[in-house]
Amino acid sequence: MPELAYTPLDEIEKIHAELKAGFKSGKLNSIAYRKYQLLQLGYLVQENADRLEGALKADLGRPGVEARMVEINPSLGEILSTYKNVEKWAKPESPEFHMNFFAMRPKINKVPKGTILIITPFNYPLWLAIGPIVGAIAAGNTVALKPAENAPATSALFAELIPKYLDNDLIRVINGGIAETTKVLELQWDHIIYTGSGRVGKIVATAAAKHLTPVTLELGGKSPVVVDSTCDLKTVSKRLLWGKCVNAGQTCVAPDYVLVPRSFHDTFVKALKDTYDEFYPPHAQASSPDNFSRMITPQAFNRVKGLLDATKGTIVAGGQTDAETKFIAPTIVTNVGADDSLMSDEIFGPVLPIVAVEDIDEAIRFINSKDHPLALYVFSQDQAVKDRVFKNTQSGGFSVNEVLIHPGVEGLPFGGVGSSGYGQHTGKFTFDLFTHLRGSIDSPSWLDRILSFRYPPYTLKKYKA
Ligand code: NAD
C-alpha cells in the first residue's frame with residue numbers, strides 16, 4: 001500500500017480552531033464565493049482525473065472505466081448541478097400565508113450550521129468525500145475531511161490537492177487512522193457525516209452526543225434482491241452480476257443476496273451463468289486483469305475467503321481466490337440456507353448467494369426477519385409484485401429492475417433507515433442537511449394597534465375586541 005502521511009495529533013486541535021475562525025470570517029456569506037470554491041473543486045477533479053484514476057487503481061485495483069463511471073464523473077456531476085442551483089436553494093422562503101402573522105414578515109432563512117466534519121470509507125473514497133464537501137460549502141459551512149486510511153493513495157491526493165485548489169481557511173484534510181479519528185471526535189463540530197460500518201457509526205454517534213452534535217450516519221447492511229418469474233431474464237442477470245461485481249462487491253448498495261422462487265430457481269441460475277461466461281471468459285483474473293477490482297486489504301480478502309470456505313452452498317461459478325493479489329473471483333453460490341456463513345453479515349465482496357424461497361410472500365418474510373437494508377431490489381414485470389414488496393418492507397432505497405445506480409439519480413435522496421443509517425444526502429438533500437432553517441420575523445410597531453390585547457392589565461374585553 002502507498003505511504004500516507006498522518007496528520008500529527010497535536011495539529012488537529014489547531015486545524016479545528018482555524019476552521020471555526022474561517023467560519024466566523026464570514027467569507028462564505030457570499031454565495032459568489034461559495035460558487036468560486038465549487039468551481040475550484042470542479043477543476044481539482046477535472047484537471048487531476050488521471051491522477052485520481054491512478055490513485056483508485058492503486059487503492060482498489062479499480063479498472064479505469066469503472067473509476068470514471070462510478071466516482072470521477074458522478075463527482076463532477078454533483079459539483080456542477082450544485083453550482084447551478086445554489087442560489088435557488090439558498091434563497092429564503094416564506095411560510096404559507098396566514099392572516100394572523102403575515103404582517104410580521106415571517107421568513108425561513110437558510111443559514112449554514114458552522115463547521116462540518118466528514119468521515120469517509122475506503123470503498124468510494126472520492127465520490128463519498130466530494131458529495132458532502134460540495135453540499136457543505138454550498139450551504140456556507142467550513143469543512144474538515146477525514147478520508148479513509150485504507151485508501152491511502154486517494155487520501156494522500158486529497159491532502160496534496162485540496163490546499164492547492166481550495167481556500168485553506170474553509171476546508172482542511174485530516175489524515176489518519178483510529179487514533180487521529182478519535183482525537184477529531186473529541187472536538188465540537190456543528191454536524192458530522194459518517195459513512196462506513198455500523199460498528200464505527202455507533203462510536204461516532206456516541207462521541208457526537210457528548211457535544212449534542214447532529215449526526216448523519218450512512219451505513220451498510222445486506223441489501224436483498226427479489227427475483228420473480230415474470231422478470232426479463234437477460235436484464236436481471238446482466239444488471240445483477242454487474243452490480244455485484246463493481247468494485248469487487250465492495251459497494252454499500254451492492255446486491256448482497258438473491259431470493260428466488262424455487263420453481264424459477266434453475267431457469268434463473270442458468271441465465272446468470274450464461275451472463276457470467278459472457279462477462280468473464282473464462283474467469284475474471286485470467287482473462288481481464290483490468291476488468292475487476294481487488295479486495296482492499298489482506299484482512300478483507302481473508303474475511304470474504306473465510307465466508308466462502310465455510311459456506312454449505314454449491315459454488316456454480318467462480319470461487320477462485322489469490323491471496324497475493326487480494327483477488328476473489330466473481331462467485332455465484334446456490335443452495336444457500338438462511339443460516340449459512342454467507343447470510344450472517346454484509347458480504348462486501350464479489351460473492352452472490354442465491355436463496356430459494358417458496359414465493360414472494362416468503363421472500364418478504366425473509367427480508368423482514370433481518371435489519372432494514374440500505375437498498376432493496378425487485379426484478380419483476382408484474383406491478384402487483386413490485387407493489388407488494390414495496391408496501392410490506394422497509395429499506396433505505398428501492399429499485400425495480402435496476403441495481404446500484406439510485407444513489408446517483410439526480411433529485412433522489414440517498415440514505416438508510418434503521419441499522420442502515422439515518423439522514424439523507426446527495427444534491428439538494430446535502431445542502432439541506434448542512435443548513436439550519438432559521439425562522440425569523442420582523443414585526444412593525446403599527447401591529448400593536450391590533451395586538452395590544454396581549455399587554456397587561458389583561459381584560460377579557462380587550463382580548464375579544
Ligand atoms: P473504513 O474501514 O474505511 O472506515 C470508515 C471510516 O471510519 C474511516 O475514515 C476510518 O478511519 C474510520 N474509523 C475506523 N475505525 C474507527 C474507530 N474505531 N473510531 C473512529 N473512526 C474509525 O470503512 P468501513 O467502515 O469498512 O466501510 C465499509 C462499510 O461502509 C460497509 O458496511 C458499507 O456498506 C458502508 N458504506 C456505506 C455507504 C453509504 O452511503 N451508506 C457508502 C459506503 C460504504
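From a predicted model like this one, the values you see are computed outputs, not experimental measurements.

What counts and how
Residues numbered from 1 in each chain as written. Predicted model: local features only at pLDDT ≥ 70, side-chain atom pairs only at ≥ 80, totals over all residues. Helix = DSSP H or I, 4+ residues; strand = E, 2+ residues; numbered from the N terminus. Rg over C-alpha atoms; globule rule 2.2 N^0.38 Å. Contact = placed C-beta atoms within 7 Å. Pairing = 2+ DSSP bridges. Axes fitted to C-alpha atoms, helices over the stretch in contact; angles between N-to-C directions. UniProt positions renumbered as here; feature names shortened; annotations may be inferred. Buried ≥ 20, exposed ≤ 12 C-beta atoms within 10 Å, placed from the backbone. Near = placed C-beta within 6 Å. Nonpolar A, V, L, I, M, F, W, Y, C, P; charged D, E, K, R; others polar. Domains from an automatic or database assignment. Right-handed = clockwise from strand over helix to strand, strands pointing away.

Visitor: So what exactly am I meant to see when it comes to the overall build of the chain here?
Guide: Within the chain, the regular secondary structure consists of 17 helices and 17 strands. Relative to its length of 465 residues, the chain is compact, with a C-alpha radius of gyration of 25 Å against a globular reference of 23 Å. Its C-alpha atoms put the chain at 85 × 55 × 35 Å along the principal axes. Sequence-distant contacts in the chain: of pairs separated by 6 or more residues, those separated by 24 or more amount to 71%.

Visitor: Please explain the sheet that holds strand β6 (residues 215-218) as it appears in this structure.
Guide: In a beta sheet, neighbouring strands are held together by backbone hydrogen bonds and run either parallel or antiparallel to one another. Strand order across the open sheet formed by six strands is β4-β3-β2-β5-β6-β16, with mixed pairing between neighbours. If you trace the sheet from one side to the other, it starts and ends with β4 (171-173) and β16 (421-422), each paired once. As defined by bridge partners, strand β2 (residues 115-119) adjoins strand β5 (residues 191-195) across four bridges and the pair is classed as parallel. Paired with I118 across the strands is I193, a residue of β5. Against the sheet, helix α8 (residues 198-209) makes contact with β2, β5, β6 and β16, and its axis sits at roughly 180° relative to β6, the strand it touches most.

Visitor: What am I meant to see in the UniProt feature "active site" (unreviewed entry) in the chain here?
Guide: Here, UniProt's "active site" (unreviewed entry) annotation points to E218 and C252. Considering the C-alpha atoms alone, the annotated residues occupy 35 residues of sequence yet fold into one spot, their largest mutual distance being 9.1 Å. Examined against the element boundaries, E218 turns out to sit in strand β6. Not counting chain neighbours up to four residues away, the residues in contact with E218 comprise Y194, T195, G415, G416 and G421. Inspection of the secondary structure assignment puts C252 in the loop between α9 (233-245) and β8 (255-261). Among the residues examined, C252 registers 27 C-beta atoms within 10 Å and is labelled buried.

Visitor: How should the site of the ligand be read in this particular structure?
Guide: The local shell around the ligand holds 29 residues, among which P121, G196, S197, G220 and C252 are the closest. It is helix α7 (residues 178-186) that contributes the most residues to the shell around the ligand, three residues altogether. Taken together, the residues of the shell around the ligand sort by class into 13 nonpolar, twelve polar and four charged. Here the shell around the ligand spans two domains, since at least three of its residues come from each of domain 1 (9-220 + 426-438) and domain 2 (224-410).

Visitor: Looking at this structure, how should I read the pairing of strand β14 (residues 375-379)?
Guide: Remark: a regular strand shows side chains that alternate across the two faces of the sheet. By the criterion of burial, β14 is predominantly enclosed, with five of the five residues buried. Both faces of β14 are covered, namely the face carrying A375, Y377 and F379 and the face carrying L376 and V378. Bridge count for strand β7 (residues 223-227) against β14 is three bridges, and the pairing is parallel. From the neighbouring strand, V226 faces β14, where its bridge partner is V378. Considered for its hand, the β-α-β crossover made up of β14, helix α14 (residues 383-391) and strand β15 (residues 397-400) is right-handed.

Visitor: How should the environment of K27 be read in this particular structure?
Guide: Locating K27 in the fold gives a position in the loop between α1 (9-24) and α2 (31-47). The spacing of K27 and D167 is 140 residues in sequence and 9.9 Å in space, taken between C-alpha atoms. Among residues more than four places away in sequence, those in contact with K27 are Y33, D167, D169 and L170.

Visitor: I'm lost on unusual backbone geometry in this one. Help?
Guide: Trans peptide bonds make up the majority, and among non-glycine residues the majority have a negative phi. Residue P457 is reached from P456 by a cis peptide bond, and omega for that bond is -5°. Relative to the helices and strands, P457 is located in the loop between α16 (448-451) and α17 (460-464). Not every positive phi belongs to a glycine, and N401 is a case in point at roughly 55°. By the C-beta count within 10 Å, which is 15 here, N401 ends up partly exposed. With a phi angle near 70°, L404 is a residue other than glycine that sits in the positive phi range. As for its position among the elements, L404 is in the loop between β15 and β16. With 23 C-beta atoms packed within 10 Å, L404 lands in the buried category.

Visitor: Teacher, can you tell me more about the domain arrangement of the chain here?
Guide: How big an interface is tends to be stated in terms of accessible area lost as the parts join. Entries for the chain in the domain assignment read domain 1 (9-220 + 426-438) and domain 2 (224-410). Spacing between the C-alpha centres of domain 1 and domain 2 amounts to 31 Å. At the junction of the two partners, domain 1 supplies 14 residues and domain 2 supplies 17 residues. If you tally residues by element for the side of domain 1 that touches domain 2, the top one is helix α4 (residues 64-90), at four residues. Considering only residue class, the side of domain 1 that touches domain 2 consists of five nonpolar, seven polar and two charged.

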